[in-house]
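Breakdown of the fold
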Amino acid sequence: MTQPRHRYLQRFATTLVLAPWLALSLPNTAAAEVSAKVQLQDVAVHELHEDLRAYGTVEFDPQGAQTLSLQAEALIQQVLVAPGQEVRKGEGLLRLNPSSNDRQMLEQARINLRFAEEDLHRTESLLSRQLATNAQLATARQNRDKAAADYHALATRLAPLQGGVLRAPGNGVITQVFAKAGDLVPAGQALIQLQKGRQMRVVLGIEAEDLARVHVGDDVRVQSLERGSAVIAGKIRQIYAQVDPRTHLAQAVVSLPADSPFLPGSMVSAQIRLRSLRMPAVPDSAVLTDKGRPYAFIAVHGRAQRRWLELGPRDGHWQGIRSGLQVGEAVVTLGNYELHEHMLLRTDGQP
């Protein structure tokens, strides 16, 4: 019995001697701190271009529009064209006749001219026989000249009606027809609006709070709402600094090239390139969100520190920062999704 007990005591003593060495040789897992490998980049000032999205409608440029009217009262017999129709120079637009009142006036002017001419001839004959004076001859000539002027003025005014057809003065597209068959239209009333050429414009709706950032001359990229449509470059030509009560939007006008593929009335989207800004910016991969609030992590003494951000414009992969970060601070651009506050950071070259 003594021998086994002796061996037990011997083993116990050996364990006591080796225990400290065993403790030192084993890893202390409870004391190891978790770290994250990340990439850092200094916050720097960049020149950012901000785009504003807007929507609008294509229409003919009113600067190329011509409104057709007559200098005389007319009765519309037939309308030969419709809005959107292309017409050639000389093509008939309306069939019409002078009103009965104008026909009577023209006939009366013709009669007055004939009587005035006959009176002049008679006075000249009397003067040759010394039966009239030079003053009477001058009066007869004045009466004849006035009658002729009245007749020619009325005939010129009614000339477009004599053929019974109002014709296009040039090539173009009919944009509006104001008359219909049976109308008796007074002199000077608009009958047809003709768009010469294919000069187009886009009228964009702009939120009132964004209007101050839009300027005449700003570059615009216009695209149809149809997928895969071409992008057309233009410029802001006019800004209407008032709000449309129907849409609650202000308006900006964009000039388009004559060969643009858009049709009048089509809806388009536009990106307005606003004036550039210089501000601190970081790669967009550095910005995270928590319940809609943007934030980023920076490295402070090798540990992660969260910063809440106020964002500026975004240009490509650069995100402008209005507040929350200072120029020169090291922001985490990669490996930030698993970070938490005060977490130990590792970079390339660190174990």
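Rules of the game
Residues numbered from 1 in each chain as written. Predicted model: local features only at pLDDT ≥ 70, side-chain atom pairs only at ≥ 80, totals over all residues. Heavy atoms only, no water. UniProt positions renumbered as here; feature names shortened; annotations may be inferred. Helix = DSSP H or I, 4+ residues; strand = E, 2+ residues; numbered from the N terminus. Contact = heavy atoms within 4.5 Å. Phe/Tyr/Trp six-rings, centres within 6.5 Å; stacked < 30°, edge-to-face > 60°. Buried < 20%, exposed > 50% of the residue type's maximum accessible area, 1.4 Å probe, protein only. Lys NZ or Arg CZ within 6 Å of the ring centre and 35° of its normal. Expected span 1.5 Å × (residues − 1). Salt bridge = Lys/Arg side-chain N within 4 Å of Asp/Glu carboxyl O.

- Looking at an unreviewed UniProt entry, one finds the chain named Cobalt/zinc/cadmium efflux RND transporter, membrane fusion protein, CzcB family and attributed to Acidithiobacillus caldus.
- UniProt lists a comment for the chain under the heading Sequence similarities (unreviewed entry), and it reads "Belongs to the membrane fusion protein (MFP) (TC 8.A.1) family."

1. Thoughts on the side chain of S260
- As for its placement among the helices and strands, S260 is situated in the loop between strand 16 (250–255) and strand 17 (267–273).
- Once you skip the residues sitting within four places of it in the chain, S260 turns out to touch M200 and I232.

2. Side note on the packing of aromatic side chains
- Per the counting criterion, the structure on display carries 2 aromatic pairs.
- Between Y295 and F297, the ring centres sit 5.7 Å apart and the planes meet at 90°, which makes this aromatic pair edge-to-face. Like Y295, the residue F297 is buried in the burial classification.
- A centroid spacing of 5.5 Å and a plane angle of 65° characterise the contact between Y295 and W308, whose relative ring orientation is edge-to-face. Highlighted residues: Y295 in strand 20 (residues 293–300) and W308 in strand 21 (residues 303–308), separated in sequence by 13 residues.
- Y295 gets classed as buried once you look at its relative accessible area, which sits at 10%.
- Aromatic rings pair up to connect Y295, F297 and W308 into one cluster.
- Over the ring of W308 we find R293, and its NZ or CZ is 3.9 Å from the ring centre.

3. Notes on helix 2 (residues 100–128)
- Between its terminal C-alpha atoms helix 2 stretches 43 Å, which fits the 42 Å expected from 29 residues at 1.5 Å a residue.
- Those residues of helix 2 not exposed but buried are D102, L106, A109, L113, A116, L120 and T123.
- The positive-phi residue at the C-terminal boundary of helix 2 is Q130, with phi of around 60°.

4. Points about the pattern of salt bridges
- A complete count under the given rule lists 15 salt bridges for this structure.
- Across the pair R303 and E33 runs a salt bridge whose closest N-O atoms are separated by 2.7 Å. Of this pair, R303 sits in strand 21 while E33 is found in the loop between helix 1 (2–25) and strand 1 (35–37), placing the two residues 270 residues apart along the sequence.
- Accessibility expressed as a relative area gives 29% for R303, which makes it partly exposed.
- Of the charged contacts, one joins R122 and D119 as a salt bridge, the two residues approaching to 2.6 Å between their closest N and O atoms. Placement of the pair is R122 and D119 together in helix 2, with a separation of 3 residues, close to one helical turn.
- For D119, a relative accessible area of 25% corresponds to the partly exposed category.
- Residues joined by salt bridges that share partners form a network here, namely E50, D210 and R213.

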